[in-house]
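What the coordinates show
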Amino acid sequence: MKYVVVTSGVVSGLGNGVAASSIGAVLKACGLRVTFIEIDPYLNTDSRTMSPSEDGEVFVLDDGSEVGIDLANYERFLDVELTGDNNITAGKIYQHVLDKERRGGYLGKTVQVIPHITDAIQEWIERVALIPVDGREGRPEVCIVELGGTIGDIESRPFMEALSQFSYRAEDNNFCLVHVSLVPVIDIVGEQKTKPTQCSVQSLRELGLKPNLLACRSTTPLNKNVKEKLSQSCHVPDNCIISLNNVPNIWHVPSLLIDQKCHEAILGILGLARLTVEPKLYVWMDIARTCDQLHAPVRIAVVGKYTNVSNAYQSILEAMLHASVVCQRRLVVDWVPASDLDIETANESPDLHEKAWGLLKGADGVLAPGGFGHGGVGGKILAVKYARENNVPYLGICLGMQVAIIEFARSVLGLKDANSTEFDAGTRYPCLIEMPEVTMCVGSRRTFFRTMDCKSAKLYGSVNYRDERHRRRYEVNPDMVGELESAGVEFVGTDETGDRMEILELPWHPYFVGVQFHPEFRSRPGKPSPLFTGLIAASSGLLDAGVLQSPAGLENGNGPVPMKVASGASGSGYANASGLEEGLLGLHVSGAALAH
Ligand code: GLN
């Protein structure tokens, strides 16, 4: 087994997840079978109880594991399905070691960080690296191990020690360390500064690790003299010093690596140079370039609780991008803080209230993401009412579907106090109730279509069922389904019992879809989630013009295949709420990426 370990230094938020995933994509393009392990050095056992304001969104895997966004990046970049074991946290390792201690598994020994925690880390990596993630039999050939956090963090010390022992134990040509660092430009003449990287490599060496490659985040490609200086001071050959300079969107990163022959350097170190083929990334490059050339905008208002937190809705953003590339629209996202839509904000901060309503009314489509707790729910209900009454395309995800039910019950059924018991335990009209199982429903579940004569079934390619990932506790109250249906809500998808409502539509509306699952978690570049394609197409006036009518364009229920973009079009990936155009996922060195 060959290991590529990716560490990161100087500051957090450099995009080492994107770097690690792109290395994976490039090695896969070289014909290798690649797997991935993410190490999060924090003590939480997983992301279940973490707020999106801590570490970005909580991403859900098929097996119900709740993890951070780097596993999400990896799944999307390599189109694979990972499991909870592909994510190591300090909490998991300690739990494992402490459980073994309770069972008497250490035979009377004093249990210590070295060797017991460090051994457990190495054993975990060696065990999980052998499990295939690409749906094929047999072992992967390369395992990418990404160490989260920044070199020098106290939390990551045991992991650094474990990796250092691991590199010492690994046979020649089995271990390659890529260190992602920062080369900032701080003076007015634009000189690229190497000192932060030098210091970071020094810390790495003190911890017993020697980088084979340096991947340097920078605004522009590294100058030749800067590479020479880094090479000399960090003892890394200059063909192994890679510029991770700003690119218009993250899908360019794999070709950025290939252009600098990063794959040759890694394969050389791993002793695989002669076994592999020249990497071909035509599909990637096509998507990356198409995204840059999109011109006609589509504006989507995302009405959420964490709209000021970067990465809190990362998979939603990515799924909208995947869909907008297919629909050939330049995605413009207006992040609308849900609570600003509320009447209370109108009294306290009229400017914020006016701004939020301005964004909502200026949008071509509205998306209400998932969420927990009552924060912003009032504003979400107002947003869904606006979308329903004004025929604005709406996609409600989990909580977004639940607020649509509350709004409908209140406005159309006239049940003024209708609510979810999550927000009002004693409500007279509980239209959403805790599922009898009570524990969180999390992971992949099957939704069956009740009819093919609905937008979602057609978008999914007229399949009978679809597996999607869930993360929720509440469901539509079965006792209120009949009343909601007789007033016009169509529940077009249910679970296998037929009693639990999973998808709702308003048939007379151009596009009003609510789902209890999270379709964003399975969206991939080139294979957008069909319901996101529906939202973007409807918001661009394209839904009737072809997306629903051309099931031939739907590949395995995964959505239409990308179309060619007219040459000469200009514009780029997406613009944020302020209208500023940005790269994706903080690949810019300035602003949000550094602030993270
Ligand atoms: N809080 C709601 C529930 O638990 C919605 C969850 C979500 O949006 N993921 O059912």
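Model, not experiment: these values are computed from the prediction.

Reading the values: rules and limits
- Residues numbered from 1 in each chain as written.
- Predicted model: local features only at pLDDT ≥ 70, side-chain atom pairs only at ≥ 80, totals over all residues.
- Heavy atoms only, no water.
- Helix = DSSP H or I, 4+ residues; strand = E, 2+ residues; numbered from the N terminus.
- Contact = heavy atoms within 4.5 Å.
- Buried < 20%, exposed > 50% of the residue type's maximum accessible area, 1.4 Å probe, protein only.
- Pairing = 2+ DSSP bridges.
- Axes fitted to C-alpha atoms, helices over the stretch in contact; angles between N-to-C directions.
- Right-handed = clockwise from strand over helix to strand, strands pointing away.
- Near = heavy atom within 4 Å.
- Polar contact = N/O pair within 3.5 Å; in protein donor to acceptor, adjacent residues only side chain to side chain.
- Nonpolar A, V, L, I, M, F, W, Y, C, P; charged D, E, K, R; others polar.
- Phe/Tyr/Trp six-rings, centres within 6.5 Å; stacked < 30°, edge-to-face > 60°.
- Core = buried A, V, L, I, M, F, W, Y, C linked by side-chain atoms within 4.5 Å.
- Expected span 1.5 Å × (residues − 1).
- Arc of directions from axis to C-beta.

Digging into the environment of Leu-82
- The residue Leu-82 is located in the loop between α3 (69-78) and β5 (87-89) in this model.
- When the C-alpha atoms of Leu-82 and Lys-385 are compared, they prove to be 38 Å apart, with 303 residues separating the residues in sequence.
- Other than its neighbours up to four places away in sequence, Leu-82 contacts Phe-36, Leu-61, Leu-71, Tyr-74, Glu-75 and Val-133.

As for unusual backbone geometry
- Pro-115 follows Ile-114 through a cis peptide bond whose omega is 15°.
- If you trace the backbone, Pro-115 turns up in helix α5 (residues 113-129).
- At Leu-107, a position not held by glycine, the phi torsion is positive, near 50°.
- Relative to the helices and strands, Leu-107 resides in the loop between α4 (90-102) and α5.
- Of note, the phi angle at His-235 is positive, near 60°, even though the residue is not glycine.
- For His-235, the location among the structural elements is in the loop between α8 (224-234) and β9 (241-245).
- Given the relative accessible area of 53%, His-235 is considered exposed.

Concerning the sheet that holds strand β14 (residues 419-420)
- The strand order across the open sheet formed by 3 strands is β14-β15-β18, and the pairing between neighbours is mixed. Looking at the sheet topology across the chains shown, the edges are occupied by β14 and β18 (474-476).
- Where β14 meets strand β15 (residues 430-434), 2 bridges bridge the pair, whose relative direction is parallel. Bridge pairing links Ser-420 to Leu-432 in β15.
- Across the sheet, helix α16 (residues 399-411) touches β14, β15 and β18, and the angle it forms with β15 is around 150°.

Brief notes about the pairing of strand β8 (residues 213-218)
- Counting buried positions along β8 yields 6 of 6 residues, so the element is predominantly enclosed.
- Side-chain alternation along β8 places Leu-213, Ala-215 and Arg-217 on one buried face and Leu-214, Cys-216 and Ser-218 on a second face that is also buried.
- Across 5 bridges, strand β7 (residues 175-182) lies against β8 in parallel orientation. What sits directly across from Val-178, in β8, is Leu-213.
- In this fold, the crossover linking β7 to β8 by way of helix α7 (residues 195-206) has right-handed handedness.
- Inspection of the sheet shows β8 paired to β9 by 5 bridges, in the parallel sense.

Here's the deal with the site of the ligand
- Neighbouring the ligand are Gly-370, Gly-371, Phe-372, Cys-398, Leu-399, Gln-402, Glu-422, Arg-471, Arg-472, Arg-473, Tyr-474 and His-518.
- Contacts to the ligand include Glu-422, whose side-chain N or O atom sits 2.7 Å from a nitrogen atom.
- At 2.9 Å from an oxygen atom of the ligand is found a main-chain nitrogen or oxygen belonging to Arg-473.
- Broken down by class, the residue content of the shell around the ligand amounts to 4 nonpolar, 4 polar and 4 charged.

Remarks on the sheet that holds β8
- Strand order in the open sheet formed by 7 strands is β5-β2-β6-β1-β7-β8-β9, with parallel pairing between adjacent strands. Both edges of this open sheet fall to β5 and β9, since each of them pairs with a single strand only. Adjacent strand axes in the sheet meet at a mean angle of 20° when their direction is disregarded.
- Examined bridge by bridge, strand β2 (residues 34-40) and β5 share 3 bridges and lie parallel to one another.

Let's talk about the packing of aromatic side chains
- Evaluation of the coordinates by the stated rule reveals 10 aromatic pairs.
- Look at Tyr-3 and Phe-166: their rings are 4.7 Å apart centre to centre, the planes differ by 85°, and that puts the pair in the edge-to-face class. With Tyr-3 in strand β1 (residues 2-8) and Phe-166 in helix α6 (residues 157-169), this residue pair connects regions lying 163 residues apart in the sequence.
- Taking relative accessible area as the criterion, Tyr-3 reaches 6% and is therefore assigned buried.
- Here Phe-166 falls in the buried class, since its relative accessible area comes to 4%.
- Between Trp-357 and Tyr-386 the ring centres are 6.2 Å apart and the planes differ by 80°, which places this aromatic pair in the edge-to-face class.

Focus on the nonpolar core
- Residues Val-4, Ile-266, Met-320 and Leu-367 are the most contacted members of the largest nonpolar core, which totals 109 residues.
- In terms of residues, this core owes the most to one element, helix α1 (residues 16-29), which gives 8 residues.
- Excluding its chain neighbours within four sequence positions, the residues that come into contact with Val-4 are Ile-23, Leu-27, Val-142, Cys-143, Ile-144, Val-145, Cys-176, Val-178, Ile-266 and Leu-270.
- Counting residues in each nonpolar core, the second largest holds 43 residues, with Val-303, Ala-368, Ala-387 and Ile-406 among its members.

A look at helix α14 (residues 350-362)
- Here α14 is 13 residues long and its end C-alpha atoms lie 18 Å apart, about the 18 Å a rise of 1.5 Å per residue gives.
- Turning to α14, its buried residues are His-353, Ala-356, Trp-357, Leu-359 and Leu-360. Buried positions in α14, seen along its axis, are confined to an arc of 155° and lie on one side of it. Exposed side chains of α14 directed beyond 90 degrees from the buried face belong to Asp-351, Glu-354, Lys-355 and Lys-361.
- In the core, the buried residues of α14 are packed alongside β10 (297-304), β11 (330-337), α13 (343-348), β12 (365-368) and α15 (377-389).

What to know about the side chain of Asn-16
- Residue position: Asn-16 is located in helix α1.
- Ignoring any residue separated from it by four or fewer positions in sequence, one finds Asn-16 in contact with Val-6, Thr-7, Ser-8, Glu-146, Leu-147 and Val-180.

Looking at the pairing of β10
- Burial analysis of β10 places 6 of its 8 residues in the buried class, which makes it a mostly covered element.
- Where β10 lies against β11, 8 bridges are found, and the strand directions are parallel. Residue pairing across strands places Val-303 opposite Val-336, the latter belonging to β11.
- Viewed along the sheet, the connection from β10 through helix α12 (residues 314-326) into β11 turns out right-handed.
- In this structure, β10 lies alongside β12, joined through 3 bridges in parallel fashion. Note on β12: the bridge partner recorded for Ala-301 is Val-366.

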